[in-house]
Amino acid sequence: MNAEIQIKGLFKRYPNGTQALKGICLEIQKGHFFTLLGPNGAGKSTLVKVMTTLINKDSGNFTIAGINPETNLSKIQKIIGVASQDNEIDPTEKVENLLAFQGRLFGLTKPESIKRVNELIEMFQLDTERNKKASALSGGNKRRLHCALALVHHPQILFLDEPTVGMDPVARANFWEIITQMNKSESVTIFLTTQYLDEADKHATEMALLVAGEIRYSGTIIDFKKMVNPDSSMSLDDSYLKYIKTLTNQESSKNN
Amino acid sequence: MNTANILLIERGIIKLIKQPSAPIMGFGMSLFFLLVYNAGIGGVGSMDAFGSGGYLSFVFPITIISLAMGSSAGAGQTLNTDMQSGYFRRLYLSPAPRWILVVAPMLADTISSLFFTILLIIIGAISGVTFQFGLLSVLGILILSFLWSLTLCGFSAGIMLRTGQHQSAAIVTNAVFPLLFLSTTFLPRELITADWLLDVSWGNPVTYILEGNRYLLAGTSSASFFYIGLIIFALTSIFSVIFALSSANKIKI
């Protein structure tokens, strides 16, 4: 079976000399909920930026739904949705106009776009905000709008880079309800990076651990927990901390 | 043209309508020049060198030139606003061709400039400016204006994209401003006494748009200025669009 996301030997170095990705290899199957974990500066956002075609890789290959971005960029852009760490909103536009424009940009007709705007406004509980300018929204509502914009065109694959940062617990629960529903009923593949490991533990089934640009673990979350602590059950949070601690100790003893 | 391209150009125009300060200032500056120059030194227009159109027709091209100068920073400012808000990244991830993200605000700016040029032409016609070839003159003026405006927009957008600072979009206007005074802006070539200024004016591209327009208005210049102007500004506008597009590769997403 062809993987929905296939990455082979991906390297990325920034102009300042930082080697952000060192030969990443990953496979994610269609409809899976995958999470990429790792400490700050591990290269998670860089990998997402490369995968979403925001920045270029140095070497290696990747395909999304079997499509090579070098040969068919716009086809990939039509099937992926991206909610990155920072809000990407035009503050001068009204909520519903922003959503409608996004839909039109992705090829929805005017009536389809209007229908989708109404759906998303209801899903993300933005009813009272729909005629407000984005600049007038609260931080949490801006975040909701930012995430809603990523879903306008019914993406087949969703890249979520720290999506719930700045959301209150209610908004966060609502957001995960929408995402898990999409994942289960529409088989949308989810690629999540997060520092909230409880969220990853609750919703994702597969994971990879990225440390200093290298994949240190790739598999199911259950297997990761077992690997770290074979004798008792631990949360992903505790397993992750234990694994990173062990890794740090190994590195420092190597250096000594 | 595909829907995404049209939508992005429409968005650029709507942005200008919502924040019309740059084009309106350009238009206001142009009208001011027309009024002040004609009122101040319009009397010299009775001299033979100004032809039958008088000083008003002679000075009219300067209003067309200053119009685009006043509004050329708009595209750069739109791009900068989108980059600051992060919205440019969202547009960058859409299926729209990436070149249109840079070209759309430039086209919107140029279309706005053309709109105000038409307004100026109407005001000029009402005030007594002569158009030697009638509608063909108007068409020629609009083509020169389009190329001039696109040239300025492209350079201003490109510089802004490279520096990432919206203030830098005004660099082009500041750079071009002295060229206005190193040309046949206020007096015909026959009445300029300094040889050095005459020499400099030959190498100054602004001279060709000024004199090209004068050929179309009162016929006080030769047709060659118009044709050379067309070639010069077709080339500069192509170069400026290439400059803007290549600058887009420098953006840090």
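In this numbering scheme, every chain counts its residues from 1 along its sequence in written order. Lettering for chains starts from A, numbering for ligands starts from 1, and both go in the order in which the items are written. Under the rules for a predicted model, residues below a pLDDT of 70 receive no local features and side-chain atom pairs below 80 are neither given nor counted, while totals for whole chains, interfaces and linings still include all residues.

1. Observations concerning the sheet that holds strand β2 (residues 19-28) of chain A
Residues and elements named next belong to chain A. The sheet built from three strands is open, its strands ordered β2-β1-β4 with antiparallel pairing. Two strands in the sheet have a free side with no partner beyond their single neighbour: β2 and β4 (59-64). Neighbour-to-neighbour, the strand axes of the sheet open up by a mean angle of 20 degrees, direction not taken into account. Bridge count for strand β1 (residues 5-13) against β4 is five bridges, and the pairing is antiparallel. Its bridge partner being in β4, Gln-6 is matched across the sheet by Thr-63. With C-beta atoms placed from the backbone, a contact is any residue pair whose C-beta atoms sit within 7 Å. Only the stretch in contact is used when fitting a helix axis, every axis being a line fitted to C-alpha atoms; angles between N-to-C directions are given from 0 to 180 degrees. Going along the chain from the N terminus, every DSSP run of H or I of four or more residues is numbered as a helix, and every run of E of two or more is numbered as a strand. Its contacts with the sheet place helix α1 (residues 44-51) against β1, β2 and β4, and it is angled at close to 65 degrees to β2. Here a strand pair is declared whenever DSSP counts at least two bridges between the two strands.

2. Digging into the interface of chain A and chain B
One frequent convention defines the size of an interface as the accessible area lost when the parts assemble. Opposite the 19 residues of chain A that make contact, chain B presents 16 residues. Of all the secondary structure elements, the ones that give two or more residues to the side of chain A that touches chain B are α2 (73-79) and α3 (95-105) of chain A.

3. Describing the environment of Pro-95 of chain B
Tracing the backbone shows Pro-95 of chain B in the loop between α5 (87-92) and α6 (98-127). Put simply, a residue is buried when 20 or more other C-beta atoms lie within 10 Å of its own C-beta and exposed when 12 or fewer do; between those, it is partly exposed, and each C-beta is set from the backbone. Given 17 C-beta atoms within a 10 Å radius, Pro-95 of chain B is considered partly exposed. Taking the C-alpha atoms as reference points, Pro-95 of chain B and Val-200 of chain B, 105 residues apart in sequence, are found 48 Å from one another. If we skip the residues at most four places from it in the chain, Pro-95 of chain B touches Ser-74, Gln-77, Lys-78 and Phe-106 of chain A together with Ala-4 of chain B.

4. A word on helix α3 (residues 54-71) of chain B
If you look at α3 of chain B, its biggest bend is around 25 degrees, right at Phe-60 of chain B, and the proline Pro-61 of chain B turns up within four residues after that. By the criterion of burial, α3 of chain B is predominantly enclosed, with 18 of the 18 residues buried. Fitting axes to the seven residues that end at a residue and to the seven that start at it, the angle between those axes gives the bend at that residue.

5. Comments concerning unusual backbone geometry
Residue and element names in this part refer to chain A. Backbone geometry places Thr-53, a non-glycine residue, at a positive phi of 70 degrees. The residue Thr-53 is located in the loop between α1 and β4 in this model. Of the residues examined, Thr-53 has 22 C-beta atoms within 10 Å and is grouped as buried. If you check the backbone angles, Ser-187 has positive phi at about 55 degrees while not being a glycine. Checked against the element boundaries, Ser-187 lands in the loop between α6 (169-185) and β7 (189-193).

On their own, these measurements won't tell you what the molecule is for.
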